[in-house]
Amino acid sequence: MFATDRVRLRPPTPDDAPNIFRLDGDPELHLLADDEPFLPRHVGQVRARLEKQVADPPDGGSSVSLLAETVADGTFLGGCSLWGISAFERYAHLGISLLPEARGQGYGSEVIRLLCRYGFRNRNLRRLEIETLAGNVAMRRTAETCGFIHEGTQRERAYDGDGFADMAIYGLLRRDWTP
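No experiment lies behind these values; they were computed from the predicted model shown.

1. Some words on the packing of helix α1 (residues 17-24) against helix α3 (residues 43-55)
Here comes step 1: Contact geometry for α1 and α3: axes closest at 9 Å, N-to-C directions at 120°. Taken as axis vectors, α1 and α3 run oblique relative to one another. The two elements α1 and α3 meet at a crossing, and its hand is right-handed. Of α3, the residues touching α1 (which contributes Ala17, Pro18, Ile20, Phe21 and Asp24) are Val43, Val46, Arg47, Arg49 and Leu50.
Here comes step 2: A class-by-class count of the residues in the contact of α1 with α3 yields seven nonpolar, no polar and three charged.

Following this line, the structure appears as structure tokens:
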């Protein structure tokens, strides 16, 4: 679907259930990447959800979820999404979750750049946003590397497992985007 020399994004299939289960089953990652309570699931539940999505795909109106894998051999790296898509105001949020072994190798920047290309070129959006815990230095650095501007910090906005933490907000306008 969308690719660099190293990373490809594609829609998930039911056969991806074990990898998605592994990614979604990490309660610590869940605290960083999701604002819903962590609910342990069985791999069969993940597969059933994916089978339902294949049989009755979402309309793609308010969110699009994709998987990231290596181009070379299809190694699963993680998941990403464009969510909270507003067709009227033409903006969306980006989300990314990588497996621990995929972090720190530049994959995150490539995934974000591919999501930006999809959002700006294929969805005709004018603005993309990234929200991350203020203490998530790696994500903040990645956002800035990809051209996002730190626009502010919301105090005690997100639960991080130990209490409420500040949330850093980053934005990228289409006119400032470098394809």
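2. A word on the environment of Ala168
Here comes step 1: By the secondary structure assignment, Ala168 is in strand β8 (residues 164-173).
Here comes step 2: Sequence separation of Ala168 and Arg103 is 65 residues, and the distance between their C-alpha atoms is 20 Å.
Here comes step 3: The residues touching Ala168, leaving out its near neighbours within four places in the chain, are Ile130, Glu131, Thr132, Leu133, Ala134, Arg140, His150, Gly152 and Thr153.

The rules we used
- Residues numbered from 1 in each chain as written.
- Predicted model: local features only at pLDDT ≥ 70, side-chain atom pairs only at ≥ 80, totals over all residues.
- Heavy atoms only, no water.
- Axes fitted to C-alpha atoms, helices over the stretch in contact; angles between N-to-C directions.
- Helix = DSSP H or I, 4+ residues; strand = E, 2+ residues; numbered from the N terminus.
- Parallel < 35°, antiparallel > 145°, perpendicular 65-115°, else oblique.
- Left-handed = near helix turned anticlockwise from the far one by under 90°.
- Contact = heavy atoms within 4.5 Å.
- Nonpolar A, V, L, I, M, F, W, Y, C, P; charged D, E, K, R; others polar.

These values are about where atoms sit, not about what they do.
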